[in-house]
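Residues per chain, in single letters:
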Amino acid sequence: MSAPDTTTDIPDEVRARHTELCQELDDHSYRYYLGNPVVSDAEYDTLMGELRGIEESCPALVTQDSPTQKVGAPISVDFAAVEHLVRMESLGNAFDVDELNAWADRASAEVPVNGYLCELKIDGLAVDLVYEKGRLVRAATRGDGRVGEDITLNVRTIDAVPERLDESVRPAPELLEVRGEVFLPVEDFGRLNEGITAAGHAPFANPRNAAAGSLRQKDPRVTATRPLSMIVHGVGAYSPALDGGGDVAFTSQSQAYRLLGEWGLPISDLYRVVSTMDGVREYVSHYAAHRHEPAYEIDGIVIKVDDFALQRRLGSTSRVPRWAIAYKYPPEEVTTRLLDIKVGVGRTGRITPYGVMEPVVVAGSEVEFATLHNAREVERKGVLIGDTVVLRKAGDVIPEIVAPVVDRRDGTEHAFTMPEFCPECGTRLGEQKEGDVDLRCPNARSCPGQLRERLSFVASRKALDIEALGYVAATALTQPLEPAEPPLRDEGDLFDLTVDKLLPIRTHVLDPDTTEPKTDPKTGEPKVVSFFANKKGEPKKTVEKLFEQLEEAKSKPLWRVLVALSIRHVGPRAAEDLARHFRSMDAIREAGEEELASVDGVGPAIAASIREWFAVDWHTEIVRKWAAAGVRMEDEDDGSRPRHLEGVTVVVTGSLERFSRDGAKEAIAERGGRATSSVSRKTGFVVVGDSPGSKYDKAVKLGVPVLDEEGFRVLLEAGPDAAAARRINPEPEETGEEEAGAGNEETEA
C-alpha cells in the first residue's frame, strides 16, 4: 500500500511562506559568509525559528536543501556548465567608416531602419544573468555562446547587480534574462595591482584580465574584495508579468533599457539613440577623441538597430547578428626595440617568423613577442633586427609589428634571413608552392613541433574540446626527455594512451609564445617536470580527467572530428557544411574533388586540400585508428525527419509568427535544403512573412513560387510538390521574353 500524499494538504500561503523563508535565510547565510551581514544574529535566529516551526507542522516541506538541514561549511564556486536560455551572440566588427557604412547599407536594404542605438563597447567580461520572480537565480559567463560557467556566487558580490529587482514602479517579469559586461573601473585597477604586488603576487596586465580573474575566484570572499561593477546591455529570454499579465512589452533597445533601469539594473547613461548614420558617425568620432574619459576601458562603439521588430526581421548569420555591429577603434601604437627575429613551426608545417622585443606595454598589456607572418612580409615592411619598431595589437588582441622607425637607425641593424632547416626537426625546408607565400617543413608526420601543435589543436574548443590536454600536456606527449619514448607517433595514437605510457614522461616546460623551454628562476636551468606523475610516482588527478575527456571526445559530432584532423583550410564552418552534406567520414573520403567543391561553403581550394590530405597513407591511418578506438565517424540519421528538400533552395523574408529567421533556416537544413539570402531564378521557394520587402517583389518578377507561413509548413512537412500547390503568386506565363531571360541566370544569381 502506497504512502498517502501529505503535500496536497498544505495551504498555499504556508507553502509560499516556506519558500520565502528558505530564500531569505540562504541570502543571509551567504552575506554572513562574505562578512557583510544585513541582519543581526537575533533576527536571523527568529527567521530560522519560524522556518523550523513550519517544517515541524508540515514535514513534507523538509528537503535536503532547506536551511534547517544544511551544516555550515565554506562556500566555493565549482564553475559548473550551464546552458543559456537564449544564445549569446558575438558581434561583427567594422574597423573603418567604410565598413560601418556598408553594414548600415545592408541593414537598410532589408528593413526600413528608423533609429540606431549607440553605446560604448566596454572592455570587460560578458555575463548572463537570470531573474525568476524578480530574484537573481543564476549568473554565467558567455562561454561558447550557448553554454557558459556558473559564477552566481561571485556575481552576487558585485554591488551594482541587484539580488532582487525593484518592483516599486512596475512588476518584474516572471522570467528575465539579461546580458551585460562586468568590468573593473580604471581608477580602481591601479590600487588593486598595488595590493597584489605588495602581497608578492604577479599584477594583472589590464583591467579586463583583472575582472576576469576576479570573477573566476574559487572563494567568493576574494571576489567581494575586488571593486567590480557591471553595465547591462541586452535582453535574452523573458516571460509574461508586466502590467499585471500579458507579454513583456519590450519594443526597442532603448525602451528596454528604461524598463531595466526601473527595475534597478545597472544601465549606462552614455548611450544615445540617433535617427541617421550621420548621428552614428558623430557618436563614434566623439568617443574616438574622448576614449579615456569613461570610468572603464573601452575598445570601440556598439551600434544596434533600435527597434526589436526590425532586429527580428534582420536576424543573424551563423556567427553574428545582422542588426548590430562593433566599430573598433584603431589600436594603440607604441615603439620598442626589435632584439631578434626567430621562427616557429605550426601544425601544417608553416614556418612563421616572429619578433622578440624589449618588453613594452601596448593596449594595456605587456608585449615581448609579435608576429611577422612570413618572410615576404618581413621584406615588405623593411624590418631589420635591431630596429626601433612601431608595435600595435591588431584588433587589440594580436601583437603586430607595423613598421620600422628608419630615422632611428644607427648602422648596427642587420637583415633577417629565413632558415634553410626546420627549427624543430632539422629537416630541409621545402620549396614554396605556387601561390603560397609560406615556407613549410615537409616532415609533417615526424616533426615534433608540428605534432605538438596538431595535438594541441585536436584538444582545442574548435575541435574535440579536451580541456585536460593543453599545450604543455601536448608538449609532454610529443617531446619527453630521455629515457622515455614519445607515447604518440602521431595523433592517431591519442585514444590508445594508457597510464603506463604516461607515468615515465618527463619534459621541459615550453613557453607557448616562443616554444622554447622556460627556465627555473632558482637555477637558471631549463625547467623539467614529471608531467603525469606526482612525487610518489602515482598518477596525478589530471590523468583521470584526461581519460574521462578522451572518452567524451569519442562521441563528438562528425564536423568536430573533421576539424581535429588539421586538414588545411577546413575550419569549423567548412566542416559543418561537409558533415551536413555527406554525413559520414567514408563518404567524404570517397568523394571526388568536383563533388566536394560543389558543396555550399566548400569550393575548389578546400576540395583540393581534402583530396590531397586523404591521399597520404598515414593520414588515413589516423582516421582508421580513431574509428577503431570508437571515435564517431558518422552523423546518425534516425529517419525521424524526411530529407525531401535535397537540392531545394529557399529564401525566407519578413517576420514569421512561429519561426525566427534562424529557426526557419535550421528547419530547412534539417530536411536537406539550403537557406540563402538572395532571390534568383535558381531559388526553389520564397517564404514571406510580415513586411517582406524587395525580395517578395523580385520573386514575383522572376516567377519564383512564393509561400506564406502556412505554405512553408506544408513545404517542411510534405515537400516541394505539395507546397507548389500553395503558392500565393501566379505561375509565370511561358513567353519568349521569359525564355530569353533564362540565359542570364548566372548573372541574376
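Here, the structure is the one placed above.
These numbers were taken from a predicted model, which means no experiment stands behind them.

Student: So what's going on with the overall build of the chain? Which residues, and what values?
Tutor: The helix and strand tally for the chain stands at 27 helices and 22 strands. Expressed as a percentage of the 749 residues in the chain, the buried residues total 46%. The long-range fraction of contacts in the chain, counting pairs at least 24 apart against all pairs at least 6 apart in sequence, stands at 67%. In the structure as shown, the chain presents an accessible area of about 37600 Å², 48% of it carried by carbon and sulfur atoms.

Student: Hey, could you go over the sheet that holds strand 4 (residues 125–132) for me, with residue numbers and the actual values?
Tutor: Strand order in the open sheet formed by four strands is 5-4-7-8, and the pairing between neighbours is antiparallel. Only two strands of the sheet have a single neighbouring strand rather than two, namely strand 5 (135–141) and strand 8 (229–238). Going from strand to strand, the sheet's axes swing by 25° on average, the running direction of each strand aside. Inspection of the sheet shows strand 7 (residues 175–183) paired to strand 8 by seven bridges, in the antiparallel sense. By the bridge assignment for strand 8, Phe183 is matched with Ser229.

Student: Quick one: what's the story with helix 20 (residues 603–614), residue by residue and with numbers?
Tutor: In an α-helix, one full turn covers 3.6 residues, which means residues spaced three or four apart are oriented alike. The end-to-end C-alpha separation of helix 20 is 17 Å, in line with the 16 Å expected for twelve residues at 1.5 Å each. Within the sequence span of helix 20, burial applies to Gly603, Ile606, Ala607, Ser609, Ile610, Trp613 and Phe614. Angular distribution of buried residues about the axis of helix 20 spans 160°; they occupy a single face of the element. Of the exposed residues in helix 20, the ones pointing more than 90 degrees away from its buried face are Pro604 and Ala605.

Student: Quick one: what's the story with helix 3 (residues 97–110), residue by residue and with numbers?
Tutor: Compared with the 20 Å implied by 1.5 Å per residue over 14 residues, the 20 Å span of helix 3 between its first and last C-alpha is a close match. All of the buried residues along helix 3 are Leu100, Trp103, Ala104 and Ala107. All buried residues of helix 3 lie within an arc of 95° about the axis, which places them on one face of the element. Residues of helix 3 that are exposed and point over 90 degrees away from its buried face: Asp98, Asp105, Arg106 and Ala109. Residues of helix 3 that are buried make contact with strand 2 (93–94), strand 3 (116–122), helix 9 (277–289), strand 10 (298–305), helix 10 (308–314) and strand 11 (324–328). Between a side-chain oxygen at the N-terminus of helix 3 and the backbone nitrogen of Asp98 the separation is 3.1 Å; the capping residue is Asp96.

Student: Which residues make up the packing of aromatic side chains, and what values go with them?
Tutor: Scanning all chains against the criterion turns up twelve aromatic pairs. Both rings, one in Tyr354 and one in Phe369, keep their centres 6.2 Å apart while their planes meet at 70°; by these two values the pair is edge-to-face. Taken together, the positions of Tyr354 in strand 13 (residues 351–362) and Phe369 in strand 14 (residues 365–371) put the pair 15 residues apart, joining distant regions of the chain. Each residue in the set Tyr238, Phe250 and Trp263 is aromatic and connected to the rest through ring pairs, giving one cluster. Across from the ring centre of Phe457, 3.6 Å away, lies the NZ or CZ of Arg347, which sits over that ring. Cation over ring: Lys540 sits above Phe531, and NZ or CZ is 5.9 Å from the ring centre.

Student: Can you explain the packing of helix 3 against helix 9? Please cite residues and give values.
Tutor: Interaxial distance between helix 3 and helix 9 falls to 12 Å at its minimum, and their mutual angle equals 145°. The hand of the helix 3/helix 9 crossing is right-handed. For the pair helix 3 and helix 9, the contacting residues are Val97, Leu100, Asn101 and Ala104 in the first and Met277, Val280, Arg281 and Val284 in the second. Considering only residue class, the contact of helix 3 with helix 9 consists of six nonpolar, one polar and one charged.

Student: Got a sec to walk through the state of the cysteines? Specific residues and values, please.
Tutor: Under the counting rule described, the total for this entry stands at zero disulfides. The thiol of Cys441 is not disulfide-bonded; the next cysteine sulfur, from Cys425, is found 3.6 Å away.

Student: Please give an account of the sheet that holds strand 11 that cites residues and values.
Tutor: Note on sheets: strands pair through backbone hydrogen bonds, and any given pair is parallel or antiparallel. Spatial strand order, 2-11-10-3-9: five strands in an open sheet with mixed pairing. Looking at strand neighbours, the two that pair on one side only are strand 2 and strand 9 (272–274), the edges of this open sheet. Here two bridges tie strand 2 to strand 11, and the two strands are oriented parallel to one another. The residue of strand 11 that forms the bridge with Asn93 is Ala326.

Student: Tell me about the pattern of salt bridges, and please be specific about residues and values.
Tutor: Once the charged atoms of two side chains with opposite charge are near each other, the side chains can pair. Counted according to the given criterion, the structure contains 31 salt bridges. The salt bridge involving Arg281 is made with Asp278; its shortest N-O contact spans 2.6 Å. Here the residue Arg281 and the residue Asp278 both occupy positions in helix 9, the gap between them amounting to three residues, near one helical turn. In this structure, Glu551 engages Lys554 in a salt bridge whose closest nitrogen and oxygen atoms are separated by 3.3 Å. Residues joined by salt bridges that share partners form a network here, namely Arg17, Glu20 and Glu50.

Student: Outline unusual backbone geometry, supporting the account with residue identities and numerical values.
Tutor: Positive phi is not limited to glycine here, since Ser566 has a value of about 60°. With respect to the helices and strands, Ser566 occurs in the loop between helix 16 (558–564) and helix 17 (572–582). Of the residues examined, Ser566 reaches a relative accessible area of 7% and is grouped as buried. One non-glycine residue with positive phi stands out, namely Arg583, at about 70°. The class for Arg583 is partly exposed, based on a relative accessible area of 23%.

Student: Lay out the packing of helix 12 (residues 448–458) against helix 13 (residues 471–478) with the relevant residues and their values.
Tutor: It is at 9 Å that the axes of helix 12 and helix 13 come closest, and there the two elements cross at 135°. Classified by the angle between their axes, helix 12 and helix 13 sit oblique to one another. The crossing of helix 12 and helix 13 is right-handed. On helix 13, the residues touching Pro448, Leu451, Arg452, Glu453, Leu455 and Ser456 of helix 12 are Tyr471, Ala474, Thr475, Leu477 and Thr478. Of the residues that constitute the contact of helix 12 with helix 13, the class distribution is six nonpolar, three polar and two charged.

Student: Can you break down the environment of Ile10 residue by residue, with the values?
Tutor: Within the element layout of this structure, Ile10 appears in the segment before helix 1 (12–34). Judged by its relative accessible area of 7%, Ile10 is buried. Here the alpha-carbon distance between Ile10 and Ser57, two residues 47 residues apart in the chain, equals 9.7 Å. When sequence neighbours within four positions are dropped, the list of residues in contact with Ile10 reads Arg15, Cys58, Ala60 and Leu61.

Student: So what's going on with the environment of Thr225? Residues and values would help.
Tutor: As for its placement among the helices and strands, Thr225 is situated in the loop between helix 7 (220–224) and strand 8. Along the primary structure Thr225 and Ser214 are separated by eleven residues, whereas in three dimensions their C-alpha atoms are 9.0 Å apart.

Cut-offs applied
- Residues numbered from 1 in each chain as written.
- Predicted model: local features only at pLDDT ≥ 70, side-chain atom pairs only at ≥ 80, totals over all residues.
- Heavy atoms only, no water.
- Helix = DSSP H or I, 4+ residues; strand = E, 2+ residues; numbered from the N terminus.
- Buried < 20%, exposed > 50% of the residue type's maximum accessible area, 1.4 Å probe, protein only.
- Contact = heavy atoms within 4.5 Å.
- Areas by Shrake-Rupley, 256 points an atom, 1.4 Å probe, with all protein chains shown as cover.
- Pairing = 2+ DSSP bridges.
- Axes fitted to C-alpha atoms, helices over the stretch in contact; angles between N-to-C directions.
- Expected span 1.5 Å × (residues − 1).
- Arc of directions from axis to C-beta.
- Polar contact = N/O pair within 3.5 Å; in protein donor to acceptor, adjacent residues only side chain to side chain.
- Phe/Tyr/Trp six-rings, centres within 6.5 Å; stacked < 30°, edge-to-face > 60°.
- Lys NZ or Arg CZ within 6 Å of the ring centre and 35° of its normal.
- Left-handed = near helix turned anticlockwise from the far one by under 90°.
- Nonpolar A, V, L, I, M, F, W, Y, C, P; charged D, E, K, R; others polar.
- Disulfide = S-S within 2.5 Å.
- Salt bridge = Lys/Arg side-chain N within 4 Å of Asp/Glu carboxyl O.
- Parallel < 35°, antiparallel > 145°, perpendicular 65-115°, else oblique.

As far as function goes, none of this settles anything; it's purely spatial.
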